[in-house]
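These are the residues of each chain, in order.
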Amino acid sequence: MSAVTLAVLAVTVAVAAFVQGSSGLGFALIVAPVAGMVDPGLVPVFVLAAMIPLNLYVAWRERASLDLRGAGWITGARLAATPAGLALLWLIPERSLGLFVGVATVLAAVVSLAAPAFTPGRGAYVGAGAVTGLTETATGVGGPPLALVYQHRPPAELRSTVAACFLVGEVASLVLLFATGKAQAADLGSAVLLLPAIALGAWLSRLVHHRLDARRMRLFVLAFALVSGVVLMAGV
């Protein structure tokens, strides 16, 4: 990896860690397109590996707000869907997968704009976990379903629960990718090199995360879902 590529990734990862550490979302949406442009081989392993220390930090920082019930249902469904996400990598062209997931995400976000506030139940948790297992394993991007489920919940609950779900899911996806030969140990080198950038972004996020109120968080969540859907449809 050249010095220029490393510098571009370092800045991108630091910004993404700050955004996700503050809001609970956005790391993969910011990092995956840039990583795909500078080196397509970095996706999804680099994105998944880089998120592990960040989500570990966020989940621990706001552990008091963790929704254990929701996290349990989401994680169970997400783990069950991980092999299907791997199968998608083998069977479906990446652009076709991104188009399908992107359209579904945009539609869900548009419906959410008009829908009344709701408290998520078992069905919503399981559905979000299953979709996340498919998309995150195949593309590295899995935040939109979880964001939409928790859009009406307190910001701290969203951040901590999404981080905990991501953490377990990312480890499971990486284990399966390595076990099936879709990832190599060398693929983790970039994530290790960029740990200082991840730490910087995460540290800066602690200065602002508590200032986000529920209304602004929901607007951010919906905007995040819409933008990520468009990015996936564009095949970036």
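The structure under discussion appears in the preceding block.
Residues numbered from 1 in each chain as written. Predicted model: local features only at pLDDT ≥ 70, side-chain atom pairs only at ≥ 80, totals over all residues. Heavy atoms only, no water.

In this model helix α8 (residues 155–179) runs 36 Å from its N-terminal to its C-terminal C-alpha over 25 residues, within 8% of the 36 Å that 1.5 Å per residue would give. Summarising burial for α8: 19 of the 25 residues are buried, a large majority. Positioned one or two residues after α8, glycine 181 has a phi angle of 80°, which is positive. (Helix = DSSP H or I, 4+ residues; strand = E, 2+ residues; numbered from the N terminus. Expected span 1.5 Å × (residues − 1). Buried < 20%, exposed > 50% of the residue type's maximum accessible area, 1.4 Å probe, protein only.)

Judged by nonpolar contacts, the single largest core of 48 residues is most densely connected at Val13, Phe27, Val31 and Phe46. When residues of this core are traced back to their parent elements, those giving at least two are α1 (3–23), α2 (27–38), α3 (45–61), α4 (68–91), α6 (122–139), α7 (143–149), α8 and α10 (195–205). In terms of residue count, α3 provides more of this core than any other element does, 10 residues in total. Residue contacts for valine 13: discarding those within four places in its chain leaves Phe27, Val31, Phe46, Leu194, Ala197 and Ile198. (Core = buried A, V, L, I, M, F, W, Y, C linked by side-chain atoms within 4.5 Å. Contact = heavy atoms within 4.5 Å.)

Below, the discussion takes up the environment of threonine 132. Here threonine 132 lies in helix α6. Classification of threonine 132 as buried rests on a relative accessible area of 2%. When near neighbours in sequence (up to four residues on either side) are disregarded, threonine 132 contacts Arg78, Thr137, Gly142, Pro145, Leu146 and Phe166.

Applying the stated criterion across every chain yields a total of 3 salt bridges. A salt bridge links arginine 61 to glutamate 62, with the shortest nitrogen-to-oxygen separation between them at 3.0 Å. On the accessibility criterion, glutamate 62 (8% relative accessible area) is buried. Its salt-bridge partner being glutamate 62, residue arginine 159 comes within 2.6 Å of it at the nearest N-O pair. Of this pair, arginine 159 sits in helix α8 while glutamate 62 sits in the loop between α3 and α4; the two residues are 97 residues apart in sequence, bridging distant segments of the chain. Classification of arginine 159 as buried rests on a relative accessible area of 3%. Here the residues in one salt-bridge network are Arg61, Glu62 and Arg159, joined through shared partners. (Salt bridge = Lys/Arg side-chain N within 4 Å of Asp/Glu carboxyl O.)

Across all of its chains, the model carries 1 aromatic pair by this definition. If you follow arginine 63 out to its NZ or CZ, it ends over the ring of tryptophan 60, 3.8 Å from the centre. (Phe/Tyr/Trp six-rings, centres within 6.5 Å; stacked < 30°, edge-to-face > 60°. Lys NZ or Arg CZ within 6 Å of the ring centre and 35° of its normal.)

The next point concerns the packing of α1 against α2. Direction vectors running N to C along α1 and α2 enclose 170°, while the axes themselves pass 8 Å from each other. Considering the angle they form, α1 stands roughly antiparallel to α2. Between α1 and α2 lies a crossing whose hand is right-handed. Residue-level contacts link Thr5, Val8, Leu9, Thr12, Val13, Ala16, Ala17, Val19 and Gln20 of α1 to Phe27, Ala28, Ile30, Val31, Val34, Ala35 and Val38 of α2. Residue classes in the contact of α1 with α2 are distributed as 13 nonpolar, 3 polar and no charged. (Axes fitted to C-alpha atoms, helices over the stretch in contact; angles between N-to-C directions. Parallel < 35°, antiparallel > 145°, perpendicular 65-115°, else oblique. Left-handed = near helix turned anticlockwise from the far one by under 90°. Nonpolar A, V, L, I, M, F, W, Y, C, P; charged D, E, K, R; others polar.)

Together, Phe18, Leu200, Trp203, Leu204 and Leu207 make up an exposed nonpolar region whose accessible area comes to about 440 Å². Sort the elements by how many residues they give to the nonpolar patch and α10 lands first, with 3 residues. (Patch = residues over 30% accessible without salt bridge, like charges linked within 9 Å, V, L, I, M, F, W, Y side chains within 5 Å. Areas by Shrake-Rupley, 256 points an atom, 1.4 Å probe, with all protein chains shown as cover.)

With respect to the element layout, serine 190 can be found in helix α9 (residues 189–193). Under the relative-accessibility criterion, serine 190 is labelled buried at 10%. Once you skip the residues sitting within four places of it in the chain, serine 190 turns out to touch Met1, Leu42 and Phe46.

The next subject is α2. With 12 residues, α2 should cover 16 Å at 1.5 Å per step; its first-to-last C-alpha distance of 17 Å lies within 8% of that length. Taken residue by residue, α2 has Phe27, Ala28, Leu29, Val31, Ala32, Pro33, Val34 and Ala35 as its buried positions.

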